[in-house]
Amino acid sequence: MANLLVLPGDGIGPEVTTQARRVLEAVASRHGLELSFEEDLIGGSSIDARGTPLADEALERARGSRGVLLGAVGGPKWDAMPVDVRPEKGLLRLRKELGLFANLRPAAVFPALVGASTLRREVVEGIDLLVVRELTGGIYFGEPRGEALVDGRREARNTMVYDEVEIARIARVAFEAARRRRQLVTSVHKANVLEVSQLWTTVVEEVAKEYDDVRLEHQLVDSMAMLLLKEPRRYDVVVTGNLFGDILSDEAAMITGSLGMLPSASLGEGGIGLYEPVHGSAPDIAGRDAANPLAAILSAAMLLEHSLDAPEAANAVRTAVAGVLDTGARTADLAAAGESSIGCCEMGDRVLAKLAAA
Ligand code: IPM
Ligand code: MN
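Worth saying up front: this structure is predicted, and the values here are computed from it rather than measured.

1. Examining the overall build of the chain
Move 1: Each helix and strand in the chain was counted, giving 12 helices and 12 strands.
Move 2: Taken against the 2.2 N^0.38 rule, which gives 21 Å for 358 residues, the C-alpha radius of gyration of the chain at 20 Å falls within 12% of a compact globule.
Move 3: The principal-axis extents of the C-alpha atoms in the chain amount to approximately 60 × 50 × 45 Å.
Move 4: When burial is assessed residue by residue, the chain has 53% of its 358 residues classed as buried.
Move 5: Pairs at least 24 apart in sequence give 75% of the contacts found in the chain among residues at least 6 apart.

2. Some remarks on the side chain of R95
Move 1: When you line up the elements, R95 lands in helix α4 (residues 87-97).
Move 2: Taking relative accessible area as the criterion, R95 reaches 5% and is therefore assigned buried.
Move 3: Excluding its chain neighbours within four sequence positions, the residues that come into contact with R95 are L100, R105, R133, L135, T136, L274 and E276.

3. With respect to the site of ligand 1
Move 1: E88, R95, R105, R133, Y140 and D246 make up every residue found near ligand 1.
Move 2: One of the side-chain nitrogen or oxygen atoms of R95 is found 2.7 Å away from an oxygen atom of ligand 1.
Move 3: When grouped by side-chain class, the residues that make up the shell around ligand 1 number one nonpolar, no polar and five charged.

4. Here's the deal with the sheet that holds strand β8 (residues 184-189)
Move 1: Read from one edge of the open sheet, 10 strands run β2-β1-β3-β12-β11-β4-β5-β10-β8-β9, paired in mixed fashion. Sheet topology places β2 (35-39) and β9 (215-220) at the edges, where each strand pairs with a single neighbour. Here the average twist between neighbouring strands, direction ignored, is 25 degrees.
Move 2: The strands touched by helix α6 (residues 164-179) are β4 (102-108), β5 (128-134), β8, β9 and β10 (237-240); relative to β5, the strand with the most contacts, the crossing angle is about 165 degrees.

5. Some thoughts on the packing of aromatic side chains
Both the distance between ring centres and the angle between the ring planes are used here to describe each pair of aromatic rings.
Move 1: If you walk through the whole model with that rule in mind, you get two aromatic pairs.
Move 2: Judged by centre distance (5.1 Å) and plane angle (10 degrees), the rings of F175 and Y211 are stacked. Here Y211 lies in the loop between α7 (195-208) and β9 and F175 lies in helix α6, a separation of 36 residues in the sequence. Y211 carries the same exposure label as F175, and that label is buried.
Move 3: The ring of F101 has R169 sitting right over it, with the charged end atom 4.2 Å from the ring centre.

6. Structural notes on helix α8 (residues 221-230)
Move 1: Buried within α8 we find V221, S223, M224, L227 and L228. For α8, the angular spread of the buried residues around the axis is 145 degrees, confining them to a single face.
Move 2: Those residues of α8 hidden inside the fold are in contact with β5, β8, β9, β10 and α9 (242-255).

7. Let's talk about the domain arrangement of the chain
Move 1: Taken domain by domain, the chain consists of domain 1 (1-109 + 258-358) and domain 2 (128-255).
Move 2: The C-alpha-based centres of domain 1 and domain 2 are spaced at 24 Å.
Move 3: Contact residues are listed per partner, giving 20 residues for domain 1 and 21 residues for domain 2.
Move 4: Carbon and sulfur atoms supply 62% of the area buried between domain 1 and domain 2, which totals about 1,800 Å² over both sides.
Move 5: Interface area lost by domain 1 to domain 2 is led by F101, R105 and A107, which between them contribute 33%.
Move 6: Linking domain 1 with domain 2 are zero salt bridges.
Move 7: For the pair domain 1 and domain 2, the interface holds six residue pairs in polar contact (both at pLDDT 80 or more).
Move 8: Sorting the residues of the side of domain 1 that touches domain 2 by element identifies α4 and β4 as the ones contributing at least two each.
Move 9: Top element by residues in the side of domain 1 that touches domain 2 is β4. It accounts for seven residues.
Move 10: Residues belonging to the side of domain 1 that touches domain 2 are distributed by class as follows: 11 nonpolar, four polar and five charged.

8. Here we look at the packing of α8 against α9
Move 1: Interhelical geometry of α8 versus α9 gives an angle of 10 degrees and a closest axis separation of 10 Å. One element, α8, and the other, α9, form an angle in the roughly parallel class. Taken together, the residues of α9 that come into contact with α8 (itself represented by V221, M224, A225, L228 and L229) are F244, L248, E251 and I255.
Move 2: Within the contact of α8 with α9, the residues separate by chemical class into eight nonpolar, no polar and one charged.

9. Concerning the pairing of β9
A regular strand carries its side chains on alternate faces of the sheet.
Move 1: Note: β8 against β9, six bridges, orientation parallel. Along β9, the bridge assignment pairs V188 with Q219.
Move 2: Handedness of the β8-α7-β9 crossover: right-handed.

10. Let's talk about the pattern of salt bridges
Move 1: Scanning the entire structure with this criterion turns up 28 salt bridges.
Move 2: Here R61 and D40 are joined by a salt bridge, their closest N and O atoms 2.9 Å apart. Of this pair, R61 sits in helix α3 (residues 56-63) while D40 is found in the loop between β2 and α2 (44-50), placing the two residues 21 residues apart along the sequence.
Move 3: D128 serves as the salt-bridge partner of R181, at 3.4 Å between the closest nitrogen and oxygen. One end of the pair, R181, is in the loop between α6 and β8; the other, D128, is in strand β5, with 53 residues separating them in the sequence.
Move 4: Assessed through its relative accessible area of 32%, D128 is described here as partly exposed.
Move 5: Counted as one network, the salt bridges with shared partners bring together E38, D40, R50, E57 and R61.

Rules and cut-offs
- Residues numbered from 1 in each chain as written.
- Chains lettered and ligands numbered in written order.
- Predicted model: local features only at pLDDT ≥ 70, side-chain atom pairs only at ≥ 80, totals over all residues.
- Heavy atoms only, no water.
- Helix = DSSP H or I, 4+ residues; strand = E, 2+ residues; numbered from the N terminus.
- Rg over C-alpha atoms; globule rule 2.2 N^0.38 Å.
- Buried < 20%, exposed > 50% of the residue type's maximum accessible area, 1.4 Å probe, protein only.
- Contact = heavy atoms within 4.5 Å.
- Near = heavy atom within 4 Å.
- Polar contact = N/O pair within 3.5 Å; in protein donor to acceptor, adjacent residues only side chain to side chain.
- Nonpolar A, V, L, I, M, F, W, Y, C, P; charged D, E, K, R; others polar.
- Pairing = 2+ DSSP bridges.
- Axes fitted to C-alpha atoms, helices over the stretch in contact; angles between N-to-C directions.
- Phe/Tyr/Trp six-rings, centres within 6.5 Å; stacked < 30°, edge-to-face > 60°.
- Lys NZ or Arg CZ within 6 Å of the ring centre and 35° of its normal.
- Arc of directions from axis to C-beta.
- Domains from an automatic or database assignment.
- Buried area = accessible area lost by both parts, 1.4 Å probe.
- Salt bridge = Lys/Arg side-chain N within 4 Å of Asp/Glu carboxyl O.
- Parallel < 35°, antiparallel > 145°, perpendicular 65-115°, else oblique.
- Right-handed = clockwise from strand over helix to strand, strands pointing away.

Now the structure itself:
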């Protein structure tokens, strides 16, 4: 029996995780997997109920699970709060405490959605890249941090810091992934300005020596932001630090059609995986059955693959999603002007129907 923890979170999080859980339950019974589910609070909903964005008991539940399926955190209600008590802090604490240093964000374009991208068809067709984002270090966690009064002025600081062990282990994740893909790693940095990026580049080069079957190239983050728009199909595995990875993965998602499609897996050495859509809590559409559940459903597929060792079940989910898109079903974020759209539940229903028909 594999125990899974669902952390729906805020905004559209509960809506999309509900659909993802239904898909997991359906696929489990078809593929002989025994799953049990628990649910807990994270983010703003946890602040409201318990006064903290992630309670110790929720963290302990996560530690006791095989994998965590998370919706999204944050919203306008908590926007005025200081960073150390905000909803986002719950997610950051969860990642850090579980040691989930490797964040995998695959951005591939579904054939049916080529027209949904803001970029031209010939630029988008065939995009298949994997952003490997370092998730427990860099400027997100570096010390010192905080605001202080210096000479009568308010001053705030954050620190971007990586040590060689952190860099080497994320580089290895990227090279291993590239080995199973198209054997290209693009390391993204700002080594023309930042010492931390110079060390990053040096250590990635050292790790590359263990992988002579994989090609390594380096790219400055500003030009990478441009190249992702210009020739996204060129890229295979893109490895980068926490902040650059946050930014580039939203960009990568958007060029494939919609942020509503991109799943992610966060893995570490401990064996527990955290699976969450890359999109946020979308408070503007929350509670209206208007969200796209496919990123959450595809995150559930990543959970099947990485935490439950069930690649066939994972592929069944991906095939069902592609099949539903082929029929023309679109949530509002995917619909072209004038095209009709279906709601979050209906999209979940359609995926379940495809799974049942397979
Ligand atoms: C993401 C999100 C988070 C991040 C926020 C919610 C803390 O933007 O997963 O990309 O910055 O990592
Ligand atoms: Mn982000």
